[in-house]
Amino acid sequence: MSDQNPYEKLGVSEEASFDEIQDARNRLFEQYSGDAKHLQVIEGAYDAILMDRLRMRQEGKIKVPERIRFPELRVQSPLKESPTPSEQSPAWLQRMLDQPTPMDILLPGAWFLGLSSISLFYPEGGDQVLQLALVVGVGTSIYFLNRKEGKFGRAVLFTLVSLIIGLIAGGLVASWLLPQISFTSLGTNQFSTVVTFILLWLVSSFLR
C-alpha cells in the first residue's frame with residue numbers, strides 16, 4: 001500500500017463523497033482491527049484525503065460539510081453544558097428554595113388542612129378559635145422549617161413574614177370577594193386565616 005495514493009489506500013475514487021470516504025475508513029478499521037501497522041496507514045491516508053479536501057475547499061473548488069473532521073481540528077474544546085434551571089436562578093433564591101419529598105409536602109399539608117377546617121366549620125368560637133388556630137399554625141410552620149436545617153431564627157423570620165403577608169392579602173381579597181358571594185357565611189377573618197394557612201403551608205414545604 002506504500003506506493004498508492006491516499007484514495008487508492010482507502011479503496012475510493014478521487015470523486016468519492018465524504019460519506020463514502022468515511023465508510024471506507026470505518027470498514028478498513030474493522031477489517032484490520034488489531035493490526036496497528038495497517039491502522040496507521042489507513043489513518044494516514046484518511047488524514048491526507050481530508051487535508052487535500054481542505055486545500056480544495058480553501059481554493060473554492062469544493063464545499064466541505066461542517067461536520068467533517070479535519071486533522072488540525074482533532075482537539076476540540078469541550079462543549080460548555082447549558083446551565084440547569086437551578087443554576088440559572090440567583091444564588092440567594094437557590095439557598096432559600098427546597099426540593100421537598102412527598103412526605104415533606106403532605107405532612108405539613110395535613111396539619112394546615114386540619115387548622116383550615118377548624119377555622120371554617122367551627123365559627124361559633126369566634127375570634128378566639130381563629131387566634132388559637134393561627135398560634136398553632138405559626139408553631140407548625142416554625143417546626144417544619146426548623147427541622148430541615150436547624151436554623152430556628154430563619155424559620156421564625158419566614159413564618160412571621162408569611163403570617164403578615166397572609167393576613168393582609170387574605171383580608172384584602174376577602175373584602176373584595178365575599179360581598180359578591182351571597183351563598184357563603186364566611187367572615188373576613190375566617191377567609192384571611194385560611195389564606196394565611198395556605199401561604200404557611202407553601203413556605204414550610206418549599207422553603208428552607
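What you see as residue numbers is a count from 1 along each chain, following the sequence as written. At least 70 in pLDDT is required for a residue's local features to be given in this predicted model, at least 80 for side-chain atom pairs to be given and counted, and no such filter applies to totals for whole chains, interfaces and linings, which use all residues. Side-chain descriptors were evaluated using all non-hydrogen atoms of the structure, hydrogens and water having been removed beforehand.

Caption draft 1: Geometry of the pattern of salt bridges. Salt bridge, as used here, is a side-chain nitrogen of Lys or Arg placed within 4 Å of a carboxyl oxygen of Asp or Glu. Scanning the entire structure with this criterion turns up three salt bridges. For D52, the salt bridge is made with R55, and the minimal N-O distance between the two is 2.4 Å. On the criterion of helical spacing, the pair formed by D52 and R55 is a turn pair, its members being three residues apart in helix α3 (residues 36–58). Each residue is assigned to one of three classes by its accessible area relative to the maximum for its type, calculated with a 1.4 Å probe on protein chains only: buried under 20%, partly exposed between the two thresholds, exposed over 50%. Take R55: its relative accessible area is 36%, and that puts it in the partly exposed class. When the shortest N-O distance is used, the salt bridge between R147 and D104 registers 3.7 Å. Pair noted here: R147 is in helix α7 (residues 127–149) and D104 is in helix α6 (residues 102–121), with a separation of 43 residues, a long-range link. A helix here means a DSSP run of H or I that spans at least four residues, while a strand means a run of E at least two residues long, and both kinds are numbered starting from the N terminus.

Caption draft 2: Layout of the packing of aromatic side chains. Geometry of aromatic contacts follows a simple scheme: Phe, Tyr and Trp rings, the Trp one being its six-membered ring, pair when their centres are within 6.5 Å, and the pair is stacked under 30 degrees between planes, edge-to-face over 60, tilted otherwise. Applying the stated criterion across every chain yields a total of three aromatic pairs. Distance and angle both matter: a charge sits over a ring if NZ of Lys or CZ of Arg is within 6 Å of the ring centre and within 35 degrees of the ring normal. In this arrangement the basic side chain of R25 is found over the ring face of Y46, its NZ or CZ atom lying 4.6 Å from the centre.

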